[in-house]
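This is what each chain is made of:
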Amino acid sequence: MACVARAARICGPVRPRRAPGSRLGDSPPRIPSCMSRRVTFSRNVTLSLSRTCRCYCKYCAFVTHGAHLHAPDEVLGVLDRAVSRHRAKELLVLTGEGPDLHGGVAARLAEFGFSDFVSYVVWVCERALERGLLPHTNLGVLDRGDLARLREVTASQGLMLESVSERLMETVHAGSPSKHPLRRLESIGWAGELRVAFTSGVLVGIGESEDERMASLEALAGVHERFGHLQEVILQNFVPHRRYYGREPAVIADEAAREYWRTGVSGGPVVDAPGWACPVSVGDMRRLVAEARRLLPGVGVQVPPNLSDWWPELVAAGATDLGGLSANGDHISPEHPFPSPSQVRRRLARDGWALSERLCVYPQFIDPEWVSDAVLDVIRSRYWSFIPRRGSGRVSVAAVGDGVAPRAVERARDGVRLSVGELTALFAERRVGVIEDIRAAADELRARVAGDTVTFVVNRNINVSNVCVVGCAFCGFGRSRRSPDAYEHSVGEFEERVGEAVAAGATELCMQSGIHPDWGLEDYLGWLRLAKRLAPGLHLHAYSPMEVAHMCDVSGLGPREVFERLVDAGLGSTPGTAAEVLHDGVRERISPNKLPVGRWVEIIEACHAVGLRSTATVMFGHIEEPSELAEHMRVVRDVQERTGGFTEFVPLSFVPYQTLLGRVHGVEEISEAENLKHTAVFRLALGESVVSLQASWVKMGLGLATEALGWGVNDLGGTLMEESISRMAGSAHGVRLDPVDLVAAAHRAGRPAAERTTLYGIRRRYELAPVGVL
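All figures in this text were calculated on a predicted structure; none of them were measured in a lab.

Peer 1: Explain the side chain of Ser 544 here, please?
Peer 2: Along the chain, the position of Ser 544 falls in the loop between strand S14 (539-542) and helix H19 (545-555). Discounting chain neighbours no more than four positions away, the residues touching Ser 544 are Gln 512, Pro 575, Thr 577 and Ala 578.

Peer 1: Can you walk me through the pattern of salt bridges in this structure?
Peer 2: According to the stated counting rule, one finds 52 salt bridges in the structure shown. Between Arg 417 and Asp 638 there is a salt bridge; the shortest N-O distance is 2.7 Å. A residue pair is termed long-range when its members are at least 10 positions apart, and Arg 417 in the loop between helix H14 (404-413) and helix H15 (420-428) and Asp 638 in helix H23 (residues 626-643) qualify at 221 residues. A salt bridge links Glu 641 to Arg 637; the shortest N-O distance between them is 3.2 Å. Residue Glu 641 and its partner Arg 637 are both found in helix H23; the two are separated by four residues, about one turn of the helix. What makes Glu 641 partly exposed here is its relative accessible area of 48%. Members of the salt-bridge network, linked through shared partners, are Arg 417, Glu 631, Arg 634, Arg 637, Asp 638 and Glu 641.

Peer 1: So what exactly am I meant to see when it comes to helix H4 (residues 103-112) here?
Peer 2: Residue pairs spaced three or four apart in an α-helix point in one direction, given the helix's 3.6 residues per turn. Every buried residue belonging to H4 is among Val 105, Leu 109 and Phe 112, and all of these are buried. For H4, the angular spread of buried residues about the axis comes to 60 degrees, placing them on one side. The exposed set on the far side of H4, more than 90 degrees from its buried face, consists of Gly 103, Ala 110 and Glu 111. Where the residues of H4 are buried, they touch helix H3 (72-84) and helix H5 (117-130). A positive phi of about 95 degrees marks Gly 113, the residue just after H4.

Peer 1: Would you mind showing me how to read the sheet that holds strand S20 (residues 753-756) here?
Peer 2: Strand pairing within a sheet occurs via backbone hydrogen bonds; the two strands may be parallel or antiparallel. Overall, mixed pairing links the four strands, which are arranged S19-S11-S20-S21 in an open sheet. The open sheet has two edge strands with one neighbour each: strand S19 (715-718) and strand S21 (762-766). In this sheet, adjacent strand axes meet at a mean angle of 20 degrees when their direction is disregarded. In this structure, S20 lies alongside S21, joined through four bridges in antiparallel fashion. Within S21, the residue paired with Arg 756 across the bridge is Ile 762.

Peer 1: Explain the nonpolar core here, please?
Peer 2: When a protein is soluble and globular, its nonpolar side chains tend to lie buried together. Within the largest apolar cluster, 115 residues are counted, with the highest numbers of intra-cluster contacts made by Leu 426, Phe 494, Leu 509, Tyr 543, Leu 566 and Phe 649. If we ignore the near neighbours within four places in the chain, the residues touching Leu 509 are Arg 460, Ile 462, Phe 494, Val 498, Ala 501, Ala 531, Leu 538, His 539, Leu 540 and His 541. If you look at the next biggest cluster of nonpolar residues, it comprises 98 residues, including Val 118, Ala 317, Phe 365 and Val 371.

Peer 1: Just to check I follow, could you spell out the packing of helix H22 (residues 597-609) against H23 for this structure?
Peer 2: A pair of packed helices is characterised by two quantities: the angle between their axes and the separation of those axes. It is at 11 Å that the axes of H22 and H23 come closest, and there the two elements cross at 25 degrees. Taken as axis vectors, H22 and H23 run roughly parallel relative to one another. Viewed along their axes, H22 and H23 form a crossing whose handedness is right-handed. Contacts from Val 597, Val 601, Ile 604, Glu 605 and His 608 in H22 reach Val 635, Val 639, Arg 642 and Thr 643 in H23. Broken down by class, the residue content of the contact of H22 with H23 amounts to five nonpolar, two polar and two charged.

Peer 1: What exactly am I supposed to notice about unusual backbone geometry here?
Peer 2: If a residue is not glycine, its phi is most likely negative; likewise, a peptide bond is most likely trans. Positive phi is not limited to glycine here, since Arg 87 has a value of about 55 degrees. For Arg 87, the position within the fold is in the loop between H3 and strand S3 (90-95). Backbone geometry places Glu 580, a non-glycine residue, at a positive phi of 50 degrees. Along the chain, Glu 580 falls in the loop between strand S15 (571-574) and helix H21 (584-590). Residue class for Glu 580 comes out buried when judged on its relative accessible area of 8%.

Peer 1: Looking at this structure, I do not really get the packing of aromatic side chains. What am I missing?
Peer 2: Both the distance between ring centres and the angle between the ring planes are used here to describe each pair of aromatic rings. Within this structure, the stated rule accounts for 17 aromatic pairs. For the pair Phe 238 and Trp 276, a centre-to-centre distance of 5.3 Å together with 40 degrees between the ring planes defines the contact as tilted. Taken as a pair, Phe 238 in the loop between strand S7 (230-237) and helix H9 (249-263) and Trp 276 in the loop between H9 and helix H10 (282-295) lie far apart in primary sequence, 38 residues in all. Chaining the aromatic ring pairs together yields one cluster made of Phe 494, Trp 519, Tyr 524, Trp 527 and Tyr 543. The ring of Tyr 760 has Arg 756 lying over it, and the distance from NZ or CZ to the ring centre is 4.1 Å.

Peer 1: In this structure, what is going on with helix H20 (residues 559-569)? I would like to understand it.
Peer 2: For H20, the complete set of buried residues consists of Pro 559, Val 562, Phe 563, Leu 566 and Ala 569. One face of H20 carries all of its buried residues, which in axial projection span an arc of 115 degrees. For H20, the elements touching its buried residues are helix H18 (521-534), H19, S15 and H22. One or two positions beyond H20, positive phi appears at Gly 570, with a value near 125 degrees.

Peer 1: Is there a simple way to think about the state of the cysteines in this case?
Peer 2: Under the definition given, this model contains zero disulfides. No disulfide involves Cys 360; its sulfur sits 9.8 Å from that of Cys 125, the nearest cysteine. Take Cys 360: its relative accessible area is 3%, and that puts it in the buried class.

Reading guide: rules and limits
Residue numbering note: each chain is counted from 1, following its sequence as written. Restriction of local features to residues with pLDDT of at least 70 applies here, the model being predicted, together with a cutoff of 80 or more for giving and counting side-chain atom pairs; totals for whole chains, interfaces and linings are based on all residues. Derived side-chain values reflect all non-hydrogen atoms in the structure, with water molecules and hydrogen atoms excluded from consideration. Strands here are runs of E lasting at least two residues and helices are runs of H or I lasting at least four, both read from the DSSP assignment and numbered beginning at the N terminus. The contact definition used throughout considers only heavy atoms, calling two residues in contact when any of these lie within 4.5 Å. What counts as a salt bridge is simple: a side-chain nitrogen of Lys or Arg found within 4 Å of a carboxyl oxygen of Asp or Glu. A simple rule labels every residue: compare its accessible area, found with a 1.4 Å probe on the protein chains alone, to the largest value its type can have, and call it buried under 20%, exposed over 50%, or partly exposed in between. Taken from the helix axis, the directions to the C-beta atoms give the arc we talk about. Strands were regarded as paired on the criterion that DSSP finds at least two bridges between them. Structural elements are reduced to axes, namely lines fitted to C-alpha atoms, with helices fitted over the stretch in contact, and the angle between N-to-C directions of any two is expressed from 0 to 180 degrees. Joining through side-chain atoms within 4.5 Å is the link that ties buried Ala, Val, Leu, Ile, Met, Phe, Trp, Tyr and Cys residues into a set, and such a set is a nonpolar core. Between 65 and 115 degrees an angle is taken as roughly perpendicular, under 35 as roughly parallel, over 145 as roughly antiparallel, and anywhere else as oblique. For any pair of crossing helices, the crossing counts as left-handed if the nearer helix is rotated counterclockwise from the farther one by less than a right angle, and right-handed if it is rotated clockwise. Ten residues, namely Ala, Val, Leu, Ile, Met, Phe, Trp, Tyr, Cys and Pro, are considered nonpolar, four, namely Asp, Glu, Lys and Arg, are considered charged, and the remaining ones, Gly among them, are considered polar. Stacked, edge-to-face and tilted are the three classes for Phe, Tyr and Trp ring pairs, Trp counted by its six-membered ring, which pair at centre distances within 6.5 Å; planes under 30 degrees apart are stacked, over 60 edge-to-face, the rest tilted. A ring is scored as having a charge over it whenever the NZ atom of a lysine or the CZ atom of an arginine sits within 6 Å of its centre and within 35 degrees of its normal. Disulfide: a pair of cysteine sulfur atoms within 2.5 Å of each other.

Read these as layout, nothing more, since geometry by itself doesn't imply function.
Structure representation (structure tokens):
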């Protein structure tokens, strides 16, 4: 591989190749659980600005060697349709290599008022940005100056390496000087020097050997190790095409896409492979995916879902992205349209995967280091939810002051109530040393307020119905009444579940549902009476403030009167859910139909006023900012100081996978480190006002919940037996634990355990075994 050796000057060092005698893909890298359940795509529209090309690649049906260039009015039509008809976020600009080398194209550019082709592309990108479209350009090999000009108006750029094989320059790439691998690697390297978020990839099946495929990945890994600018690598299998002389591939692609998205039936032609091609099997592609994951950790691995039926198998093998599901088709393979996002989502769901939108620039590159101010302005104004959380939100520590957090930690350690500004600083904190101080202070406060015993309750959840009219963007549970996934338990099903709770030794029955449009107050009372008749000894912990607000609305009664009737029917306490973030600005953004903060507080205080206790919750790790979480904690503590009615505080980290926020708005799951830091800050925010802080194992997983016992937590919640809300949002941590699992978790943390009641009476203790005793 002479070319690979010479390319080392450009690429730099690469990761070691696999050991001699080992098979490719024998030991693929471990995929984090969140990545293994989430596949991304970009909602885009393609503009083939010019198909004129200096190259003569044998596999390409896209290019023409005549003069081809879309006029400005045609471009504006594509952009306007992209926004109004397709709701696209990305404009993919495709062109041939060096189109303005053709005299006819150069003449047309002059006619339009442009001195060169890149100037025209810059104009196109500026018009796209004005409409809220983020440009991603793939113009072929460019020099450093042109890449720099485009950086000012693009969110990302791309260039397929295709292959490092010089042999192919004499076969499929004959007469195509810009296809030489050294030219392409040089251009990719310049993009890295300029800090351009970049996409590249390998084309498979054009006559290369398997070793040459892997060498191509190694070359990309080398250049990425120098600059860190590759956001994704495309692994694309070659599909033979018909020739489209005298026809416009963009028109063919658009018609094919519209038909496929309308009918779900795609009938692309089967064309015999040419003699220079080589066969590609799903096993070949699996090995390529595994090697890409090994060589390029942290880089997205993209596989096109329109060029084979095996793409779900490649997702299972570790592919993370499906590229741009272009609403106007694949202009390179026009008779092979992309499936629609809904078609892909249904197919992935069969295997337990979630499909999430991303922008054409990957989240880790949405930063001034990589993206120009003009593009960042569009992202901030149109697509702010895709901006990754820097620490606890989208503000820096500098915004609240570097010295605030350390002083706040010391004040909280002494039991002083922290201000909203101090809590904002703690939630925004990113310095490792300060975070360790937060953890230690929270653990000390836990020991002083709650002691060392780790508690849990043996309970059973019943989500009676998921029919809901609210439509929250963070929810994967609620369904419309006509949805095929809607359910409502019958009396018999409810009785069976209560019987299971009794048989399991449960002391609590927790009941919550969606906001069912047909349910009145009597329906809610009826479920309580039925549960009490079936199991008089069970404590009934039921009905969120949102459900109670609905009961008030349909009955015309006030919250206190509703609670009095619920108590008469058997209610024992209330879950303080539907809190999400107690900041009306956040609620307007994620759940505009949900009760406002003032109404939530009114209902919770009515609950406490009739002698009931409740929990309090927060849902964090989505679009909220540190200051908004700080305001939530102010509201909770104010209520507790007025009523004393909260038994525990339950932080619920957001599960994005099957929710609108995750699927469409790019919100990702909060990191484990941030989850733990938030947990500790919640303890410091509560001070001594609420004794118990719970870790939700169904949200975090039992392993992280166990670790949270060192971050201010003293309670592990319930055994649950059934949990539909987190599960339907995409949580993969199960829906049931046995008491022995929770006891073992406490003991692994070096703490004694105890089974409690809902109101924190101790039923049974599980002390630590003496040292040396098994």
